Amino acid sequence: MGAEASGSRPELQELMREAEISLLECKVCFERFGHRQQRRPRNLSCGHVVCLACVAALAHPRTLALECPFCRRACRGCDTSDCLPVLHLIELLGSALSQSPAAHRAAPSAPGALTCHHAFGGWGTLVNPTGLALCPKTGRVVVVHDGKRRVKIFDSGGGCAHQFGEKGDAAQDIRYPVDVTVTNDCHVVVTDAGDRSIKVFDFFGQIKLVIGGQFSLPWGVETTPQNGIVVTDAEVGSLHLLDVDFPEGVLRRTERLQAHLCNPRGVAVSWLTGAIAVLEHPLALGSGICSTRVKVFSSSMQLVSQVDTFGLSLYFPSKITASAVTFDHQGNVIVADTSGPAILCLGKPEEFPVPKPMVTHGLSHPVALTFTKENSLLVLDTASHSIKVYKVDWG
């Protein structure tokens, strides 16, 4: 009996964590619901639930009108009510609510470890951001999010320098941005899941090219050292290379690099070796649970290595769910993990996997990451609607 109870403890902890994340936290501020006034769960008239503090923050100060941050329906702040099922669930679970697995494995930062030096963005400046890129010439940070203007550009100090990409249904508008990259000549390329297209803008926001009708669900996008564009099609399961004349706004050629991928999303290119990493989200047979798998191809598109959720579970006590992938300047594969949450180094593709935690605390839901020329790590945390800047601490 003791062994059986011990064996079921990880499953119980995972179930409790899922309940905590899916049901017991506000999906606007990502704070846990509670009985105290500001954190009480409130029903909006559309049926979505947010905490009272977010109702107050979203409502107009005079009219109390607000727009639901999820379905965009008009609501009134004074028409909200306590969400009794969530309050009852909090009472039922009580002290059984566990801490995140990352809290158990996080350790104080040692000399040489990555520590968060500052963050920028935040709710309002960014709304549910999904993609992150760096301009190779200016070093400015480009983020796509769910705001009225979908593309936001930050300077090196974290201030908003420019924004564009109106939310709308016109061809040059952006309906639902998924990912973004910046080319070597400073053109901004966005994958738009809303109309299943790829949109190219100059750095000032003027539309240059709309590539539609060629993809079922364009998702991840990245620039190659030769100024090409690689893009994943999550619905078809393919990886494509686009050759574009960016100043003229002309698509010269499209080449399918890989087929038969399993729901590919994130993609990264090593500027050191030309290797391409693809993040797949295959559905585990019979379980209904979506796992993740990182595949790395050589510059000639030969499969070099791969590792999935199960393979990584042999190295870590808790489940690893990869949400983003990139390469560092030494050619190591780096992934963001939303289950920890954490940032992990998987090592060089030919040595796969040699996993090592890089960041194990201070994150909520990392969805994108990249390295600056100065070797700082930028992490897009969608839960806090912010970009967090990590640097090596030699202190």
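Per an unreviewed UniProt entry, the protein chain is named RING-type E3 ubiquitin transferase, and its organism is Saguinus oedipus.

Caption draft 1: Region of interest: a nonpolar patch on the surface. Nonpolar side chains collect at one region of the surface, where Phe-310, Leu-314 and Tyr-315 lie side by side and expose about 390 Å² of accessible area between them. Note on placement: Phe-310 falls in helix α5 (residues 309-313). For Phe-310, a relative accessible area of 60% puts it in the exposed group.

Caption draft 2: Representation of the packing of aromatic side chains in the model. With the rule as written, the count across this model stands at 2 aromatic pairs. Ring centres of Phe-164 and Phe-201 lie 5.2 Å apart, and the angle between their planes is 50°; this geometry places the pair in the tilted category. With a gap of 37 residues between them, Phe-164 in strand β10 (residues 160-166) and Phe-201 in strand β13 (residues 197-201) connect regions that are remote in the sequence. For the pair Phe-164 and Phe-201, one class covers both residues: buried.

Caption draft 3: The arrangement of the sheet that holds strand β5 (residues 81-82) in detail. Pairing in this open sheet of 3 strands is antiparallel, and the strands run β2-β1-β5 from one edge to the other. Looking at the sheet topology across the chains shown, the edges are occupied by β2 (49-51) and β5.

Caption draft 4: Main features of the state of the cysteines. Inspection of every chain in the model, using the stated rule, returns 0 disulfides. Considering cysteine sulfurs only, Cys-51 is the nearest to Cys-54, which forms no disulfide, with 3.6 Å between them. Look at Cys-54 and you get buried, because its relative accessible area is 8%.

Caption draft 5: The arrangement of the sheet that holds strand β24 (residues 333-337) in detail. With antiparallel pairing, the 4 strands of this open sheet are ordered in space as β23-β24-β25-β26. Looking at the sheet topology across the chains shown, the edges are occupied by β23 (322-327) and β26 (356-359). Taking each pair of neighbouring strands and ignoring which way they run, the sheet shows an average axis angle of 30°. Two elements, strand β25 (residues 342-347) and β26, share 3 bridges in a ladder whose sense is antiparallel. Within β26, the position partnered with Cys-345 by the bridge is Lys-356.

Conventions used here
Residues numbered from 1 in each chain as written. Predicted model: local features only at pLDDT ≥ 70, side-chain atom pairs only at ≥ 80, totals over all residues. Heavy atoms only, no water. Patch = residues over 30% accessible without salt bridge, like charges linked within 9 Å, V, L, I, M, F, W, Y side chains within 5 Å. Areas by Shrake-Rupley, 256 points an atom, 1.4 Å probe, with all protein chains shown as cover. Salt bridge = Lys/Arg side-chain N within 4 Å of Asp/Glu carboxyl O. Helix = DSSP H or I, 4+ residues; strand = E, 2+ residues; numbered from the N terminus. Buried < 20%, exposed > 50% of the residue type's maximum accessible area, 1.4 Å probe, protein only. Phe/Tyr/Trp six-rings, centres within 6.5 Å; stacked < 30°, edge-to-face > 60°. Pairing = 2+ DSSP bridges. Disulfide = S-S within 2.5 Å. Axes fitted to C-alpha atoms, helices over the stretch in contact; angles between N-to-C directions.

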